[in-house]
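Here is how the chains run, residue by residue.
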Amino acid sequence: MVSSRSIWMLGSSALALVAFATPVIAQDAGVEESAPDPNVIIVTANKRDQNILDVGLSITAESGDTLITRGIGSPTDLGKIVPGLTVQPSPFNTPVYTLRGVGFYETTLSASPTVAVYVDEIQLPFSATTRGAAFDIERVEVLKGPQGTLFGQNTTGGAINYVAAKPTDTFTTGGTASFGRFSTFDVQGFVSGPISDTLKARVALRTVQSGAWQKSFTRNDELGKMDQLQGRVQLLWEPTDSVRLLLNANGWTDNGDTQAAQIQSDTCSVTPAPTCGSPAGIAFASYPRAPQNARAADWGYGIYRNGFNDFNAATDYSQFDYSQRGPFGRRPRRDDRFYQISLRADIDLSDVLTLTSITAYSDYKTDSVQDFDGTVFASVDTNTSGYIRDFSQEIRLSATLERVNIIVGGNYNKASTFDRLFYNFSQGPSSDPLFTIPGSPQGQLTFNYSDQDIEAFALFGNVEFMLTDSLTLIGGARYTKTDRDFQGCTNDYQGGTAVWWNTLFGTNVQPNGCITLDATLTPFNPAVFDQLNEDNISWNVGVNYQTPGDTLFYGRVSRGYKSGSFPTASVASGLGYTPVTQESVTAYEFGIKAPIADRRLELTAAAFYYDYKDKQLRGRLPDPVFGTLEGLVQIPKSRVQGIELSMLARPVDGLRISVGGTYIDTKIKEFVGFQPDATTADFAGQRFPFAPKLTAIADAEYEFPVASSVNAFFGVSATHNGKTSSTLANSDTATINRDARFDMRSYTLVDLRAGINVPDSNLRVGAFVRNLGNVYYWTNVQDNLASVTRFAGMPRTYGLQVTWRY
């Protein structure tokens, strides 16, 4: 195990090495001023345009063209360019972003993230709505560490800000089209230009269509089709030199298949229970395990024709009723849509003072079917439906003085969310009490729902004061108040559970009634009602020191908060609906950014320590039926520490090399929680789930002339994620035995690209291979009561890509 002292010594050594190398190489390069470098990256981390090397903050930024070339078509792909970032797709279409070990694996629609996604500084406050963000963009900026002062709460891990491509002064059009394995078409294009002297417009569209990439290993069936459509229309009106109004209407639809899981083991083989000897328990024990390759999986559509008692090792899995309809008889697929309308106004009140107003409304709706037990049986077949309606308003004043930059403002947000999950447990071991009760219908069907209203307002300010030409002091704070109202319950569905529930607990649950029990084993009627009202003050202080050679040394201390949350859960006990309260991260970071040899070499390094209080995680909570179930828990004390290094080199014309890596060490310092067998244990010493110690990226591309107006290019990139786990019991300690079923092994993916570029014609044609080694890896492992399953990453893909501009 690497100690805290070792990490900080390594970080300090790295900083010292960069600091030593910088002046030596800079002296050799001379001090003559040069023309502006076209490779300089501009970012808006402080809500104003700045060179990325002048910002005292760890940032990764890339252009939209680079994302297209690298095949980064959604926020879930950003781990290819951002060391320290991992993204876990979930069965419920809600991606979970984890940055430097700070994440929150909760798939409830209304759950607030720890890493927030923005488009043009407009927050997408719920992760389910972020899938269409990476489309027709100018660049993406990933800011690491708490960003609560300027970006608001729920950014304890960081913020991802996409900057959309804007309407242009002259007529411009272009597009990108690719065709690859699994008959995947990805076509996008835009038209942009002036409509009048004061009005400009931009229209962009994208569609992704593909065939199936997953195959059933028990029958002739396929899954994994893609059917996505995205669009954006922007109107930029500049009636005077001091007024700019930008109207943005955008949206997307997703009618593709949901991913099927790979069964690895049955739960009964690890935690035997009385029902494990039942027909359903025997069926899961004898079900074939998924082959160890990415494409092999299994899923079901309906109820097995001949009932439980015909399950055996020789079951013909093709004998399922595919014609059945309703919540549990549909193909695993999604019917999701999202739209957003925003208006941004920038008004220059004077040469130094600008008023900015950003108003946005978004609407998201989902109706999807998932089957994540990895079999054809209906043990955790679900139908998820719900919506998110969100309104936000921000107003701020920005003052740019000779030595001071000031931002003050306020923000208001109101959201309504509804999340409902139908569950079919009727063919899993947990359903077997059903068959011991005379008169019970065949089928254990329930649904649970969460109806939440969230209202928040904030006041914030930030000051950057240039004390000298080299030294800048930074400070800011934000006050946020959030009120959250909750209504939810787990309900019987059409009498499928009420009969045996009433027999077991002596209750009087009616069909479709609430079955969740209070402390006296009395069902809530009609539901569980609760409130969570919180407030906090986020803040940051920092110092930047820039040398005559433009090397930046910075130190930053910041505190950010993630708001509390209620779960959407299928639980017998009302304890499962207990909210988690807000968590806080106090971050200490010291770093260096060094441009060397006229920016042909850029080195950055940072060392950081996060003091975590009341961290929100998924753990185990007691349940009167199942012993324990997954639920939201809080870790009183924990910490993250680590280092980060990156290099960008342009040693010769046409060659660009980038390398980056993040090493983190996470640790729970204080927490006593439940284990699956309902006993308590001390989890101190465990690592965070979904937090690999080492993540690294590398990319190199060389472009060279092969004819008078034609260049050839060749590129290679690699992404490495170290091993981690999806469960809290991930390390052997005096009180905990590591549960290896939830291990996620390390992997390295290599991508290739090659082709030609015709600069005079703005044409680029190439071929690509992604996951060259066809590496089998998985992004999630979960316990489904009946089975433990994996969700595999994509296998090798390849294809052709054409990009043009006019």
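Preceding block: the structure.
Note that the coordinates shown come from a computational prediction; the quantities given were computed from them, not determined experimentally. (Residues numbered from 1 in each chain as written. Predicted model: local features only at pLDDT ≥ 70, side-chain atom pairs only at ≥ 80, totals over all residues. Heavy atoms only, no water.)

K.L.:
Give me the lowdown on the sheet that holds strand S7 (residues 122–124), citing residues and values where you can.
P.N.:
Ordered in space as S3-S8-S9-S6-S7, the 5 strands form an open sheet in which the pairing is mixed. Edge strands, defined here as strands with exactly one partner in the open sheet, are strand S3 (59–63) and S7. Between one strand axis and the next, the sheet turns by 20° as a mean value, whatever way the strands run. Here S3 pairs with strand S8 (residues 137–144) via 5 bridges, running antiparallel. (Pairing = 2+ DSSP bridges. Helix = DSSP H or I, 4+ residues; strand = E, 2+ residues; numbered from the N terminus. Axes fitted to C-alpha atoms, helices over the stretch in contact; angles between N-to-C directions.)

K.L.:
Give me the lowdown on the pattern of salt bridges, citing residues and values where you can.
P.N.:
By the definition in use, this model includes 43 salt bridges. With a shortest N-O distance of 2.9 Å, Glu464 and Arg48 are connected by a salt bridge. In this pair, Glu464 is assigned in strand S23 (residues 445–466) and Arg48 in the loop between strand S1 (42–43) and strand S2 (50–51), connecting sequence segments 416 residues apart. Since its relative accessible area comes to 26%, Arg48 is described here as partly exposed. Of the charged contacts, one joins Asp611 and Lys613 as a salt bridge, the two residues approaching to 3.9 Å between their closest N and O atoms. The class for Asp611 is partly exposed, based on a relative accessible area of 22%. (Salt bridge = Lys/Arg side-chain N within 4 Å of Asp/Glu carboxyl O. Buried < 20%, exposed > 50% of the residue type's maximum accessible area, 1.4 Å probe, protein only.)

K.L.:
Explain the sheet that holds strand S40 (residues 787–792) residue by residue, including any values.
P.N.:
Pairing between the strands of a sheet comes from backbone hydrogen bonds, and it takes one of two forms, parallel or antiparallel. Across the sheet, 3 strands lie side by side as S17-S40-S39; this open sheet has antiparallel pairing. In this open sheet, the two edge strands, each paired with only one partner strand, are strand S17 (262–266) and strand S39 (778–783). Across this sheet, the average inter-strand angle for adjacent strands is 20°, counted without regard to direction. Of the strand pairs in this sheet, S39 and S40 are connected by 5 bridges, and their pairing is antiparallel. Bridge pairing links Val781 to Arg790 in S40.

K.L.:
Quick rundown of the side chain of Gln452? Include the residues and the values.
P.N.:
The residue Gln452 is located in strand S23 in this model. Only 3.1 Å separates the side chain of Gln452 from the side chain of Arg484, close enough to count as a polar contact. Apart from the residues within four sequence positions on either side, Gln452 is in contact with Ser110, Ala415, Ser416, Thr417, Arg484, Asp485, Phe486 and Phe566. (Polar contact = N/O pair within 3.5 Å; in protein donor to acceptor, adjacent residues only side chain to side chain. Contact = heavy atoms within 4.5 Å.)

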